[in-house]
Amino acid sequence: MQNPITDQLNRPLHDLRISVIDRCNFRCPYCMPTEKEGTHYSFLKQDEWLTFPEIVRLTRLLVELGVRKVRLTGGEPLLRPGIVDLVKNLSAIAGIEDLALTTNGSALSKFAAPLKAAGLQRLTVSLDSLDARVFKHMSGGKGSLHEVLAGIEEAQRVGFGSIKINVVVQKGVNDNSIVDLVSHFKNSPHVLRLIEYMDVGNCNHWESKYVVSSKEIIRLISQQHALEPLPSNYFGEVAERYRFKDGGGEIGFISSISQPFCQSCTRLRLANDGKLYTCLFATQGTDIKKLVRQGANDQDLSSALKAVWAKRQDRYSQERSEIRSKTSKQKVSNPKIEMFQIGG
Ligand code: SAM
Ligand code: SF4
Ligand code: SF4
C-alpha cells in the first residue's frame with residue numbers, strides 16, 4: 001500500500017463517505033423538508049444506483065490510495081436493500097481500519113444484530129430531541145422517538161459499545177431539548193455530538209438566524225454540567241471533544257459554521273449515482289460510474305480517482321460568505337448537492 005495521496009492544500013485522502021441511497025423515510029426540515037403541494041423530490045432510478053460490486057471495487061481502489069475510514073450514509077442507508085451484504089463485503093477489504101454507518105435509527109432494532117455480525121464497527125444515530133413532539137417535528141412528522149431509542153438500546157445490546165448520537169441544533173426548534181439530551185446520555189457509553197445547523201444543499205432554505213453556535217451550546221450545557229476540553233484523537237477529527245468534569249463521559253461539538261475545519265478535511269464522498277464529491281458543499285461531482293461502466297481497468301480507475309483528489313482545493317466553510325453570495329445568484333443553473341444525496 002502506498003502513502004496517502006494529497007490534495008492542493010496538502011490534505012491526505014483518509015476518509016470515504018458512501019451514500020448508498022438518496023431516499024429516506026424521514027423528512028427532517030434541515031435536510032429534506034416535507035414536500036409541499038406541487039413539489040416533489042426526484043430520486044434516482046434503481047438502475048442509476050452504484051451496484052454493490054461497483055461500490056466495493058471503488059472502495060478497494062481508494063483504500064490503496066490511502067483511505068482508512070469508511071462510513072455508509074444516505075438518505076437512510078438502512079433502506080438500501082441488501083445493506084448487510086454490502087457491509088459484509090466492505091469489511092473484508094484489507095486496510096479499512098474503521099467501518100461505520102450513520103442512520104436515523106428507525107430500523108435499527110431490526111438491523112443492529114446483522115450489521116454487527118457482518119463486521120460493522122461503529123454506529124452513529126441521529127436523534128434531535130427526547131421530547132416526542134419536537135422529535136416528530138424534526139423528522140417531518142415521520143419518525144417515532146420510541147423506535148429510535150429502542151434501536152439504540154438494541155445496538156448497545158448486540159455490542160456496539162460507544163454509539164455517537166448526532167443532534168442538529170436549530171434555534172427556536174430544538175435548542176430547548178439540548179440539556180435533556182445531555183442529561184440522558186451522560187454517564188452512558190454513548191457520545192452526544194451537537195452539530196451547528198449547516199447551509200448544505202438548497203431545499204432547507206438555510207438562514208443564519210437558525211444557527212446556534214457551539215460556543216452558545218457549551219454555555220447552555222455548562223449551566224448544569226461542568227465541561228472541560230479534550231485534545232483531538234487524530235488529525236482531521238471533525239468534533240471538538242469535551243468531557244464532563246465529574247467523570248460522566250464525553251461530548252462533542254461540530255462547528256462547521258462558527259469554526260470551520262477545512263484545513264484538516266480529509267473526506268471524499270461517493271454518491272449513490274456514482275459521482276465523487278470533494279466537498280459537502282460541492283455543486284459538481286466527477287462521474288466515476290461512467291468510467292466503471294465503460295469497462296475501465298483498475299489502473300485507469302485508480303488514476304482517475306487520484307486525479308480527483310490531486311486537483312481538490314475545496315474550503316467552502318472558510319469561504320462561506322463570499323461563496324453564498326455568488327451561488328445565490330446562480331441558484332437555478334448550478335445548485336449545491338443536497339445532504340440526502342451526498343450523506344453527512
Ligand atoms: N439518514 C441518516 C441520518 O439522518 O442519520 C444518514 C444521512 S444524514 C444526511 C447524515 C447526518 O447529516 C445526520 O446526522 C443529519 O442530522 C445531518 N444533517 C443533515 N442535514 C444537516 C444540516 N443542514 N446541518 C447539519 N447536519 C445535517
Ligand atoms: Fe433522512 Fe437523515 Fe436527511 Fe433526516 S437527516 S431527512 S433522516 S437523510
Ligand atoms: Fe471539508 Fe468542504 Fe466541509 Fe470544508 S466545507 S470541511 S472542505 S466538506
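Everything discussed here concerns the structure shown above.
Described below are features of the structure shown in this document. Predicted model, so just to flag it, every value in this text is computed and none were measured.

Digging into the packing of aromatic side chains
With the rule as written, the count across this model stands at 7 aromatic pairs. Judged by centre distance (5.2 Å) and plane angle (75°), the ring pair of Tyr41 and Phe340 falls under edge-to-face. Residue Tyr41 is located in the loop between β1 (15–19) and α1 (52–64), and its partner Phe340 is located in helix α11 (residues 339–342); the two are separated by 299 residues in the primary sequence. Judged by its relative accessible area of 16%, Tyr41 falls in the buried class. With relative accessibility at 5%, the residue Phe340 sits in the buried group. Their ring planes at 70° and their centres at 6.4 Å tell us that Phe43 and Phe340 sit as a pair that is edge-to-face. Of this pair, Phe43 sits in the loop between β1 and α1 while Phe340 sits in helix α11, and the two are 297 residues apart along the sequence. An aromatic cluster is defined as three or more aromatic residues linked by ring pairs; in this entry it consists of Tyr41, Phe43 and Phe340. Sitting over the face of the ring of Phe160, Lys116 holds its NZ or CZ atom 4.9 Å from the ring centroid. The ring of Phe244 is capped by Lys186, whose NZ or CZ atom sits 5.2 Å from the centre of that ring.

Notes on α1
A turn of α-helix holds 3.6 residues, and therefore any two residues three or four places apart point the same way. Under the 1.5 Å per step criterion, the end-to-end length of α1 is 18 Å for 13 residues, consistent within 8% with the ideal 18 Å. In this fold, the buried residues of α1 make contact with β1, β2 (69–73), α2 (83–91), β10 (267–270), α8 (288–293) and α9 (298–310).

Topic: the site of ligand 3
Near ligand 3, the surroundings consist of Phe261, Cys262, Cys265, Arg267, Arg269, Cys279, Leu280, Phe281, Arg312, Asp314, Tyr316 and Ser317. Broken down by secondary-structure element, the contributors of at least two residues to the shell around ligand 3 are β10 and α10 (316–329). When its residues are assigned to classes, the shell around ligand 3 shows 7 nonpolar, 1 polar and 4 charged.

Describing the pattern of salt bridges
Side chains that differ in sign of charge can pair as their charged atoms come close. Taken as a whole and judged by the stated rule, the model has 19 salt bridges. A salt bridge links Asp7 to Arg11, with the nearest nitrogen and oxygen atoms 2.7 Å apart. The buried category is assigned to Asp7, whose relative accessible area is 6%. Salt bridges linked by common partners bring Arg57, Arg60, Glu64 and Asp298 together as one network.

Some details on the environment of Tyr210
Along the polypeptide, Tyr210 turns up in the loop between β6 (191–196) and α7 (214–222). The spacing of Tyr210 and Tyr197 is 13 residues in sequence and 7.3 Å in space, taken between C-alpha atoms. Ignoring sequence-local partners within four residues, the contact set of Tyr210 consists of Val169, Gln170, Lys171 and Tyr197.

So, the site of ligand 2
Contacts to ligand 2 come from Cys24, Phe26, Cys28, Tyr30, Cys31, Met32, Gly75 and Asn104. The residue makeup of the shell around ligand 2, split by class, is 6 nonpolar, 2 polar and no charged.

Quick look at the pairing of β10
Neither face of β10 is left uncovered, since the one carrying Arg267 and Arg269 and the one carrying Leu268 and Leu270 both have all their residues buried. Here 4 bridges tie β1 to β10, and the two strands are oriented parallel to one another. Paired with Leu16 across the bridge in β10 is Leu268. Note that β10 and strand β11 (residues 275–277) share 2 bridges and pair antiparallel. When the bridges of β11 are listed, Arg269 appears paired with Tyr277. Count of turn residues in the β10/β11 antiparallel hairpin: 4 residues, of which Gly274 carries a positive phi of about 85°.

Side note on the sheet that holds β11
With mixed pairing, the 12 strands of this open sheet are ordered in space as β7-β8-β9-β6-β5-β4-β3-β2-β1-β10-β11-β12. This sheet does not close on itself; its edge strands, each paired only once, are β7 (227–229) and β12 (286–287). Contacting β5 (164–169), β6, β7, β8 (240–244) and β9 (250–254), α7 crosses the sheet at an angle of about 150° to β9.

Some words on the side chain of Asn272
You can see Asn272 is positioned in the loop between β10 and β11. A residue is classified by how much of its surface remains accessible, and Asn272, at 2% relative accessible area, is buried. Among the polar contacts made by the side chain of Asn272, one reaches the main-chain carbonyl oxygen of Val20 at a distance of 3.4 Å.

Re helix α5 (residues 145–157)
The end-to-end C-alpha separation of α5 is 18 Å, in line with the 18 Å expected for 13 residues at 1.5 Å each. Taken together, the buried residues of α5 touch α3 (108–118), β4 (122–126), α4 (132–138), β5 and α6 (178–185). Following α5 by one or two positions, Gly159 has its phi on the positive side, about 110°.

Each value, and the rule that gives it
In this convention, every chain numbers its residues from 1, walking through the sequence in written order. Ligands are numbered from 1 and chains lettered from A, in the order in which they are written. In keeping with the predicted nature of the model, local features appear solely for residues at pLDDT of at least 70, side-chain atom pairs appear and are counted solely at 80 or more, and the whole-chain, interface and lining totals rest on all residues. Excluding hydrogens and water, the side-chain values take into account all heavy atoms of the structure. Between 30 and 60 degrees the pair is tilted, below 30 it is stacked and above 60 it is edge-to-face, where a pair is any two Phe, Tyr or Trp rings, Trp via its six-membered ring, whose centres lie within 6.5 Å. Under the scheme used here, helices are H or I runs from DSSP no shorter than 4 residues and strands are E runs no shorter than 2 residues, and both carry numbers assigned from the N terminus. Buried, partly exposed and exposed residues are distinguished by accessible area as a fraction of the type maximum, computed with a 1.4 Å probe on protein chains only: under 20%, between the cut-offs, and over 50%, respectively. Remark: a charge is flagged as sitting over a ring if the NZ atom of Lys or the CZ atom of Arg is within 6 Å of the ring centre and within 35 degrees of the ring normal. The span expected for a helix works out to 1.5 Å for each residue beyond the first. Two residues qualify as a contact provided that any one of their heavy atoms is within 4.5 Å of a heavy atom in the partner residue. Residues are classed as near a molecule or strand on a simple rule: at least one heavy atom within 4 Å of it. Under this grouping Gly is polar, as are all residues other than the nonpolar Ala, Val, Leu, Ile, Met, Phe, Trp, Tyr, Cys and Pro and the charged Asp, Glu, Lys and Arg. A carboxyl oxygen of Asp or Glu within 4 Å of a side-chain nitrogen of Lys or Arg is what we treat as a salt bridge. We treat two strands as partners when DSSP finds at least two bridges between them. Only the stretch in contact is used when fitting a helix axis, every axis being a line fitted to C-alpha atoms; angles between N-to-C directions are given from 0 to 180 degrees. For the purposes of these results, a polar contact is taken to be a pair of N or O atoms within 3.5 Å, where, inside protein, one atom must be able to donate a hydrogen and its partner to accept one; residues adjacent in sequence count only when each atom of the pair is a side-chain atom.

Everything listed here is a matter of coordinates, which is why it stays silent on function.
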